[in-house]
Amino acid sequence: MIRVYIGLGANLAEPILQLQHAVTALAQLADSRLVAVSSFYGSKPMGPQDQPDYVNAVAALDTTLAAETLLDALQRIELEQGRQRKDERWGPRTLDLDILLYGDEILATSRLTVPHYGLHQREFVIYPLLELAPLLLIPGLGALAEIALQVPRNGLTILTSGLTSGLTSGLAAPQH
Ligand code: ROI
């Protein structure tokens, strides 16, 4: 089993519901076990400011799926929830699912960059991840807690508490 962290984001069409649906879909993924979900956070849009605030969260998943097979599954969930690929860079979206970390692997294929390229700059990724895994080491970047010291919260707020209580069985598992 590989411990994977997935970033969830939405800012259209009832974003909290979008994330809740996505969590349900993640819990049903083949060859995988959903371990924990962070609180849902409200965040200011990164990129163009003329779009609604985002709802963001991070999920921890244990999986035996290969990274690109997992990516296929995540993109299928995005499409099922009405994601439309637009030309506009960094525009609004009904659902974004990003593979942030895939175990301690560093991947650079045409489809996938892991750790996610924006991870260390994005407060809406760093703080939910910190909630799930305060001692996490990011391959090539160092301790998550050290990275967080460099990243202001930028108005990040907690909207709903995490779903970790019902899913904690896996949380005690070692990260590496
Ligand atoms: N901004 C925030 N706050 N949250 C996101 O998930 C997010 N996703 C994106 C861009 C458009 C870069 N901005 C975001 O893809």
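Cut-off values and rules
- Residues numbered from 1 in each chain as written.
- Predicted model: local features only at pLDDT ≥ 70, side-chain atom pairs only at ≥ 80, totals over all residues.
- Heavy atoms only, no water.
- Helix = DSSP H or I, 4+ residues; strand = E, 2+ residues; numbered from the N terminus.
- Rg over C-alpha atoms; globule rule 2.2 N^0.38 Å.
- Buried < 20%, exposed > 50% of the residue type's maximum accessible area, 1.4 Å probe, protein only.
- Near = heavy atom within 4 Å.
- Areas by Shrake-Rupley, 256 points an atom, 1.4 Å probe, with all protein chains shown as cover.
- 1 Å grid on protein atoms, 1.4 Å probe; cavity = no way out; pocket = protein on both sides within 12 Å on 5 of 7 lines; lining within 4 Å.
- Sits in = over half its atoms within 2 Å of the grid points.
- Nonpolar A, V, L, I, M, F, W, Y, C, P; charged D, E, K, R; others polar.
- Phe/Tyr/Trp six-rings, centres within 6.5 Å; stacked < 30°, edge-to-face > 60°.
- Lys NZ or Arg CZ within 6 Å of the ring centre and 35° of its normal.
- Salt bridge = Lys/Arg side-chain N within 4 Å of Asp/Glu carboxyl O.
- Points joined across faces, edges and corners; volume = space filled by probe spheres on them.

Regarding the overall build of the protein chain
A count of helical and extended segments in the protein chain gives 4 helices and 10 strands. Listed by position from the N terminus, the elements making up the protein chain come as β-α-β-β-β-α-β-β-β-α-β-β-α-β. Taking 2.2 N^0.38 as the reference for a compact globule, 176 residues should give roughly 16 Å; the C-alpha atoms of the protein chain span a radius of gyration of 15 Å, in line with that estimate. Along the longest, intermediate and shortest principal axes, the C-alpha atoms of the protein chain span 40 × 35 × 35 Å. Taken over 176 residues, the protein chain has a buried fraction of 49%.

Some thoughts on the site of the ligand
With respect to spatial proximity, the complete set of residues near the ligand consists of Gly9, Ser43, Lys44, Pro45, Met46, Tyr54, Asn56, Trp90, Gly91, Arg93, Asp96 and Phe124. In isolation the ligand has 350 Å² of accessible area, and contact with the protein removes 96% of it. More than half of the atoms belonging to the ligand lie within 2 Å of the grid points that define the largest pocket. Partitioning the shell around the ligand into residue classes produces 5 nonpolar, 4 polar and 3 charged.

Overview of the packing of aromatic side chains
One pass over the structure, following the stated rule, counts 0 aromatic pairs. Positioned above the aromatic ring of Tyr127 is the side chain of Arg153, whose terminal nitrogen or guanidinium carbon lies 4.6 Å from the ring centre.

What to know about the pattern of salt bridges
Under the criterion given, the structure shown has 7 salt bridges. Two residues, Lys44 and Asp53, come together in a salt bridge whose shortest N-O distance is 3.2 Å. Residue classification places Asp53 among the partly exposed positions, given a relative accessible area of 40%. Across the pair Arg76 and Glu80 runs a salt bridge, and its minimum N-O distance is 3.8 Å. One end of the pair, Arg76, and the other, Glu80, are both in helix H2 (residues 67-80), 4 residues apart, so they sit about a helical turn from each other. Because the salt bridges share partners, they merge into one network encompassing Arg3, Arg33 and Asp62.

Some words on the layout of surface pockets
Put simply, the largest pocket is a space of about 990 Å³. Among the elements that make up the lining of the largest pocket, the one with the highest residue count is strand S5 (residues 96-102) (4 residues). Looking at the lining of the largest pocket residue by residue, the classes come out as 15 nonpolar, 13 polar and 12 charged.

What about helix H3 (residues 123-132)?
Most of H3 sits out of view: 8 of its 10 residues are buried. Those residues of H3 that sit buried are Glu123, Phe124, Val125, Ile126, Tyr127, Pro128, Leu129 and Leu132.

All quantities given are derived from atomic positions and should not be read as evidence of function.
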